[in-house]
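A closer look at the structure
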Amino acid sequence: MSNSLLINAAELLRRPGSERKFALEPTIAELGIVDSRFDPDATVSVDLRLESLTDGIVVDGQLRAPWADSCRRCLAPALGEVVCDVDELYQHVVTAPDAFEIVGDQIDLARMVRENLLLDAPLAPLCRPDCAGLCPTCGIDLNTATCDCDSEVVDPRWEALSQLKVNLPEQ
Ligand SMILES: [Zn+2]
Ligand SMILES: [Zn+2]
């Protein structure tokens, strides 16, 4: 894992109210992210501002990372970018919920960046917002073709009734 994501915050902690900016470009692999939606070699843009308080350091800014997956409707490649606005707190003694720990005056950004990117990565990606998907009957890609399948959605209650009719013995 890259050491560039381990920030020495001693200087900041000595002077509450002071701030520093960080622009880093670690790769997904350097962040320790193992997830099929993220290419290990892809570059993550980490743009953060660290501001010291009397009881910790606020880290805010933006993370951006490209993701790639299969469209949930048509299975074609789906691509996009995760953009997270972060606002996190680091403390020596963690008292706030969801705060990260400052260990030996060091701030480890990797875990925070990892958690935010994984949380914001899409769970049901689409190749485009209005993707028409595949025909449930013949499987044709309705974005590029049409089919003659009866696409009428059958209400399961009517389906049960028609089954009943079929099963009635003929007089
Ligand atoms: Zn699609
Ligand atoms: Zn069809």
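Everything below is about the structure shown above.
Now for a look at the structure at hand. (Residues numbered from 1 in each chain as written. Chains lettered and ligands numbered in written order. Predicted model: local features only at pLDDT ≥ 70, side-chain atom pairs only at ≥ 80, totals over all residues. Heavy atoms only, no water.)

1. Remarks on the coordination of the zinc ion (ligand 2)
For clarity, the cut-off: Any N, O or S atom lying within 2.8 Å of the metal counts as a donor, and for Na, K and Ca the limit rises to 3.2 Å; water is left out, so some sites can look incomplete. Only two sets of limits are used to name each site, 85 to 135 degrees for every angle of a tetrahedral four-donor site, and over 155 degrees for opposite donors with all other angles from 65 to 115 for a square planar four-donor or octahedral six-donor site, with any other site named irregular. Relative accessibility under 20% of the residue-type maximum defines a buried residue, over 50% an exposed one, and the middle range a partly exposed one, all with a 1.4 Å probe and only protein chains included.
Within the protein, the zinc ion (ligand 2) binds to Cys 135 (SG), Cys 138 (SG), Cys 147 (SG) and Cys 149 (SG); these donor distances fall in the range 2.3 Å. Around the zinc ion (ligand 2) sit four donor atoms; with metal-centred angles ranging over 108 to 111°, the donor geometry is tetrahedral. Owing to a relative accessible area of 42%, Cys 138 belongs among the partly exposed residues under this scheme.

2. Looking at the environment of Gly 133
Going by this rule: Strands here mean DSSP runs of E at least two residues long; helices mean DSSP runs of H or I at least four residues long; both are numbered from the N terminus. Whether two residues touch is decided by their heavy atoms; if any such pair falls within 4.5 Å, the residues are in contact.
Mapped onto the fold, Gly 133 is located in the loop between helix 2 (109–120) and helix 3 (156–167). Judged by its relative accessible area of 3%, Gly 133 falls in the buried class. On a C-alpha basis, the gap between Gly 133 and Leu 75 in space is 8.2 Å, while along the polypeptide they are 58 residues apart. Those residues within four positions of Gly 133 in sequence are excluded, and the remaining contacts are Arg 73, Cys 74, Ile 140, Asp 141, Leu 142 and Asn 143.

3. A look at the coordination of the zinc ion (ligand 1)
The protein atoms that coordinate the zinc ion (ligand 1) are Cys 71 (SG), Cys 74 (SG), Cys 127 (SG) and Cys 131 (SG), at distances spanning 2.3 to 2.4 Å. One can describe the site at the zinc ion (ligand 1) as tetrahedral: its four donor atoms subtend angles covering 107 to 113° at the metal. Written as a sequence motif, the donor arrangement for the zinc ion (ligand 1) is C-x2-C-x52-C-x3-C.

4. Quick look at the nonpolar core
Inclusion rule: What makes a nonpolar core is a set of buried Ala, Val, Leu, Ile, Met, Phe, Trp, Tyr and Cys residues whose side-chain atoms join them at distances within 4.5 Å.
Ranked by size, the top nonpolar core spans 37 residues in total, and within it Phe 38, Leu 48, Leu 50, Ile 107, Leu 109, Met 112 and Leu 117 carry the most contacts. Counting residues per element, the ones that place at least two in this core are strand 2 (19–24), strand 3 (45–53), strand 4 (56–70), strand 5 (77–91) and helix 2. Apart from residues no more than four positions distant in its own chain, Ile 107 is found in contact with Leu 5, Leu 6, Ile 7, Ala 9, Leu 50, Ile 57, Tyr 90 and Ile 102.

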